[in-house]
Amino acid sequence: MTANAQDEPAGVAPTDIWSEDYTNMIFPWAPANDMDRQFKEYHSYETMKDLMLQLEQENPDIFEFHEGLLGGTNARGEEVTADTYEGWYYGYSSPWMKITGDVGGGEYNEFVGDSGNYADRHDVMIVGNHHAREWMSYTVAIMQLEVIAFSYDNIGYDNDGDGLVDEDPWGDDNNDGILDDDGDCLALASEFQDSNGDGNPCGPGDLGVDEDYSEQFITDLVNTREIYLIPMLNVDGNIYDREVFCPAPAWESCPSGGWRKNLRNNGPELLPDPNEQVDEDCDGVDLNRNYQYEWGWPLGATIPLVPGTCTPAEDERAGITNNDVYTGPFDTKDNDGDGRVNEDNVDGEDDDNDGQTDEDWAGGNSEPETRFIQDLTEMNDDAGNGASEFKSTLTHHSYSELILYPWGHCTGCETSDHDQLVYHGDKMAEMTDYTNMQSSDLYPTTGDFCDWHYGVHGSYCYTSEIGTAFHQHQDDVDHIAVRNLGTGFYIAEIADNPRERADLGIANISKNQFIQMPEMVNVPSKGFIPVDMCVANGFSYSLDESVSHVMYRTVKPSRAQSDYGPKEWSTTAWSMAPFEDTSSSCTLLNGENGTVIRSNLPIPDTISGQVHYKAMLGTLGGGDMYLYPANGDYYVLSIDYRADYGTFGGALFMFLIVAGFVWGGLAICLRMMLTDEEEKEFMDALIEEDGS
Ligand SMILES: [Zn+2]
């Protein structure tokens, strides 16, 4: 039994259990009548940007607002400026937030323009709204921003107002196959269990499911990660979709369609054609077909017949009108200066056998928005090793209720990280009740974000397809955003070492390891209190105290209580104690053999009361850190006064000497040392022995 697990109050109606606000989905970070911050309405580009600026101002320790990049010489040797990243039509760069603890510290990156770059923090990129009409895709990212702002350093907030804290994190925390870890949704009368109306009682997005995540977890995440949150990549397209293409309300004017691409001018006149208004039959590039990895083939159907243009509707010869998945123009440059063009496309292979790989691409990353992603990825190199810092990446789309992993460009193919990608995809599918599948099993694509991030940079990249419509009705915005909130935190959590995490998760190693529960701890009569952990043989744990340690604190009755004052407990701050190896063996929870590592807690012999303890175990790779018990809980070990008779006699002898000089001091000393009952017994014994 962990410290903050208690019985739920029984109830049949939501208000029997939760606060009014929680029951009505009034979020704590904004007034109830603030419709977009309450997710009762969508944000527009303008309100989103205003919010980001406001949150930056209110949280300058963790948020740094940016638009596009500053530019300079990029990783490909190209000279670019901030203008490079401005949308073709409305001229805005994608707004984004750099999120990390002490964001003003660390290294400054003069190309990207951000500070808060720390070599030992793991970077993660989360991108919404590649596709203009997919409004939930940026909405979920904005909710993540609100949650981070509200939760950071707001430890132990009771999200649902039920008197418990952090009792129900995202996903199935205790591995029992039930998402409602604390059982509060399940305790409702059945008519209340499917509050989001998706037909799945007590599923993701329902009240009481994954509703009380740990603010400590979020705080730790922010302090150990650099999160690059880009809610709305395709600003041009989004503004056009909202203001022109789908007159409000969009869910009525565009029940099944909307504007998808950016607003590149594709003609009908050849470029440049600066005075033209948007030609809806022609213009735009599908940003999620414009990344360079396997760009343009083998799925040539997404490229117009005339490169660099689209085929106008009136052109019956082509038989296609608005090509909604237009990949962007062919590259016409000799990228490597060898006199040939497009001879080595980006596919991880040396197509022309010249000893270089992918040096003369055929196309892709031609748009301001995709160049922004490309240069942010390639120029954010904190470690200076030329590799992408983004070990995990997530892009939100809508719709279809799916989690997708690479590859997208080929069918019947698998990445070399297939099992690991499936593992994390399953986790995110579990917390959203979505279906996890390989991207190309939905339909083959070319040049998508995740194929590029994984194929070129080895990043574990996922596409979430949120909800059931491009323009979800505004009444559904809040609960769909809540349902999808966990994935952004999950992708940030695994950003340290997604492959190792998956390997361990697949082997289920971390769950079979354990730290001794209180009843197993052997409290000696004096000296250190040893607390053992049973770790799997072959688990490459680190003994570096900064990642592997026991956190402990003592809780004892205060003097006020001993003097019959109000009940007060004095709690010390958490301290850290390292682990050391032993040669002892132990039995893991799955029955296999493990090895004991031990932490000796320097608890004073004189303490009686409680010792709280919990452990963190980090891996040698520096990647993973596991908590025991899980989820920020701790164990409570009760210890009585534990000095043995000899020590106690010694103390008594000393007190008698003290008493001889300062008789009045004895009672105070005893009170400090003993509980009420012990004090009474001791005084009785003392009086008997003295015969006085
Ligand atoms: Zn999409």
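Structure: see above.
Peer 1: Quick question: what am I supposed to make of the coordination of the zinc ion here?
Peer 2: In a perfect tetrahedron of four donors around a metal, the angles come out at 109.5 degrees. In a perfect octahedron of six, they are 90 or 180 degrees. Here the zinc ion is held by His 131 (ND1), Glu 134 (OE), Glu 134 (OE) and His 397 (ND1), and the distances to it run 2.0 to 2.3 Å. If you look at the zinc ion, its four donor atoms make angles of 58 to 152 degrees with each other, and the shape they trace is irregular. Site description for the zinc ion: donor spacing in sequence, H-x2-E-x262-H. In this pair, His 131 is assigned in the loop between strand S5 (122-128) and helix H4 (135-151) and His 397 in strand S7 (residues 390-397), connecting sequence segments 266 residues apart.

Peer 1: I would appreciate a short explanation of the sheet that holds strand S6 (residues 225-230) in the present structure.
Peer 2: Adjacent strands of a sheet pair through backbone hydrogen bonds, lying either parallel or antiparallel. One open sheet holds the eight strands; their spatial order is S1-S4-S6-S5-S7-S10-S8-S9, and the pairing between them is mixed. Edge positions in the sheet fall to strand S1 (63-67) and strand S9 (435-438), since each of these pairs with one other strand and no more. Taken pair by pair, the neighbouring strands of this sheet meet at an average axis angle of 20 degrees, ignoring direction. With three bridges joining them, strand S4 (residues 95-99) and S6 adopt antiparallel strand pairing. Bridge pairing in S6 links Lys 98 to Tyr 228. Sitting on the sheet, helix H5 (residues 215-224) touches S4, S5 and S6, and the angle it makes with S6 is about 95 degrees.

Peer 1: Explanation requested: the state of the cysteines in the structure shown.
Peer 2: A disulfide bridge is the covalent bond that connects two cysteines by way of their sulfur atoms. Under the defined criterion, the tally for this structure stands at five disulfides. Here Cys 246 connects covalently by a disulfide to Cys 254, the sulfurs 2.0 Å from one another. Disulfide Cys 246 to Cys 254: torsion about the S-S bond roughly -95 degrees, handedness left-handed. Look at Cys 246 and you get buried, because its relative accessible area is 1%. According to the relative accessible area criterion, Cys 254 is buried, its value standing at 7%. Across the disulfide from Cys 450 sits Cys 461; the S-S distance is 2.1 Å. The sign of the S-S torsion, about -70 degrees, decides the handedness of the disulfide formed by Cys 450 and Cys 461: left-handed. Of this pair, Cys 450 sits in helix H11 (residues 449-457) while Cys 461 sits in strand S10 (residues 460-465), and the two are 11 residues apart along the sequence. Taken as a pair, Cys 450 and Cys 461 share a single burial class, namely buried.

Peer 1: I'm lost on the environment of Trp 452 in this one. Help?
Peer 2: Inspection of the secondary structure assignment puts Trp 452 in helix H11. Residue Trp 452 is classed as buried on the basis of its relative accessible area of 0%. The spacing of Trp 452 and Pro 406 is 46 residues in sequence and 9.3 Å in space, taken between C-alpha atoms. Not counting residues within four places of it along the chain, the set of residues in contact with Trp 452 comprises Tyr 291, Gln 292, Tyr 293, Asn 365, Ile 373, Gln 374, Thr 377, Glu 378 and His 457.

Peer 1: Would you explain the sheet that holds strand S12 (residues 529-536) in this entry?
Peer 2: Strand order in the open sheet formed by four strands is S11-S12-S17-S16, with antiparallel pairing between adjacent strands. The outermost strands of the open sheet, each flanked by one partner alone, are strand S11 (514-515) and strand S16 (580-587). Where S16 meets strand S17 (residues 593-601), five bridges bridge the pair, whose relative direction is antiparallel. From the neighbouring strand, Cys 586 faces S17, where its bridge partner is Gly 594.

Peer 1: What am I meant to see in H11 here?
Peer 2: Count 3.6 residues to each turn of an α-helix, and residues three or four apart come out pointing the same way. Residues Phe 449, Cys 450, Asp 451, Trp 452, His 453 and Tyr 454 constitute the buried set of H11. Buried positions along H11 lie against S5, helix H8 (368-379), S7, helix H9 (418-432) and S10. The N-capping residue of H11, defined by a side-chain oxygen 3.2 Å from the backbone nitrogen of Cys 450, is Asp 448. Looking at the residues trailing H11, positive phi occurs at Gly 458, about 70 degrees.

Peer 1: Just to check I follow, could you spell out empty space enclosed by the protein for this structure?
Peer 2: Any empty space left between the atoms is revealed when a probe the size of a water molecule rolls over them. Inspection of the entire model under this criterion finds two cavities of 30 Å³ or more. By volume, the largest cavity amounts to about 40 Å³. Forming the boundary of the largest cavity are Trp 170, Pro 204, Gly 205, Val 209, Asp 210, Met 431, Val 482, Arg 483 and Gly 486. Taken together, the residues of the lining of the largest cavity sort by class into five nonpolar, two polar and two charged.

Peer 1: Mind showing me how you'd approach the environment of Asn 600 here?
Peer 2: In this fold, Asn 600 is placed in strand S17. Expressed as a C-alpha distance, the spacing of Asn 600 and Phe 528, which sit 72 residues apart in the sequence, is 5.4 Å. Setting aside residues up to four positions removed in sequence, Asn 600 forms contacts with Phe 528, Ile 529, Pro 530, Ala 577, Pro 578 and Glu 580.

Peer 1: What should I look at first to understand the packing of aromatic side chains in this one?
Peer 2: The description of two aromatic rings rests on the distance between their centres and on the angle between their planes. By the definition in use, this model includes 26 aromatic pairs. Ring centres 4.9 Å apart and planes at 85 degrees place the aromatic pair Tyr 89 and Tyr 90 in the edge-to-face group. When its relative accessible area of 27% is taken as the criterion, Tyr 90 is described as partly exposed. An angle of 10 degrees between the planes, with centres 4.8 Å apart, marks the rings of Trp 170 and Phe 489 as stacked. With Trp 170 in the loop between H4 and H5 and Phe 489 in helix H13 (residues 485-493), this pair connects stretches of sequence that are 319 residues apart. Across this residue pair, the class does not change: Trp 170 and Phe 489 are buried. Pairwise contacts between aromatic rings join Phe 27, Trp 29, Phe 39, Phe 150 and Tyr 157 into one cluster. The ring of Trp 574 carries the charged tip of Lys 614 above its face, separated from the ring centre by 4.4 Å.

Peer 1: Would you mind showing me how to read the packing of H9 against H13 here?
Peer 2: The description of two helices packed together rests on the angle between their axes and the distance between the axes. Where H9 contacts H13, the two axes come as close as 8 Å, and the packing angle between them is 155 degrees. Here H13 runs roughly antiparallel to H9, going by the angle between their axes. Viewed along their axes, H9 and H13 form a crossing whose handedness is right-handed. Touching Tyr 423, His 424, Lys 427, Met 428, Met 431 and Thr 432 of H9 are Gly 486, Thr 487, Tyr 490 and Ile 491, all from H13. By residue class, the composition of the contact of H9 with H13 is five nonpolar, four polar and one charged.

Peer 1: Looking at this structure, I do not really get the packing of H8 against H11. What am I missing?
Peer 2: Orientation of H8 relative to H11, taken along the N-to-C sense of each, is 25 degrees, at an axis distance of 12 Å. Here H11 runs roughly parallel to H8, going by the angle between their axes. Here H8 runs over H11; the crossing is right-handed. The segment H8 lies against H11, with Ile 373, Gln 374, Thr 377 and Glu 378 engaging Phe 449, Trp 452, His 453 and His 457. Grouping the constituent residues of the contact of H8 with H11 by class yields three nonpolar, four polar and one charged.

Reading the values: rules and limits
Residues numbered from 1 in each chain as written. Predicted model: local features only at pLDDT ≥ 70, side-chain atom pairs only at ≥ 80, totals over all residues. Heavy atoms only, no water. Donors = N, O, S within 2.8 Å, 3.2 Å for Na, K, Ca; no water. Tetrahedral: all angles 85-135°; square planar, octahedral: opposite > 155°, others 65-115°. Helix = DSSP H or I, 4+ residues; strand = E, 2+ residues; numbered from the N terminus. Pairing = 2+ DSSP bridges. Axes fitted to C-alpha atoms, helices over the stretch in contact; angles between N-to-C directions. Contact = heavy atoms within 4.5 Å. Disulfide = S-S within 2.5 Å. Buried < 20%, exposed > 50% of the residue type's maximum accessible area, 1.4 Å probe, protein only. Polar contact = N/O pair within 3.5 Å; in protein donor to acceptor, adjacent residues only side chain to side chain. 1 Å grid on protein atoms, 1.4 Å probe; cavity = no way out; pocket = protein on both sides within 12 Å on 5 of 7 lines; lining within 4 Å. Points joined across faces, edges and corners; volume = space filled by probe spheres on them. Nonpolar A, V, L, I, M, F, W, Y, C, P; charged D, E, K, R; others polar. Phe/Tyr/Trp six-rings, centres within 6.5 Å; stacked < 30°, edge-to-face > 60°. Lys NZ or Arg CZ within 6 Å of the ring centre and 35° of its normal. Parallel < 35°, antiparallel > 145°, perpendicular 65-115°, else oblique. Left-handed = near helix turned anticlockwise from the far one by under 90°.

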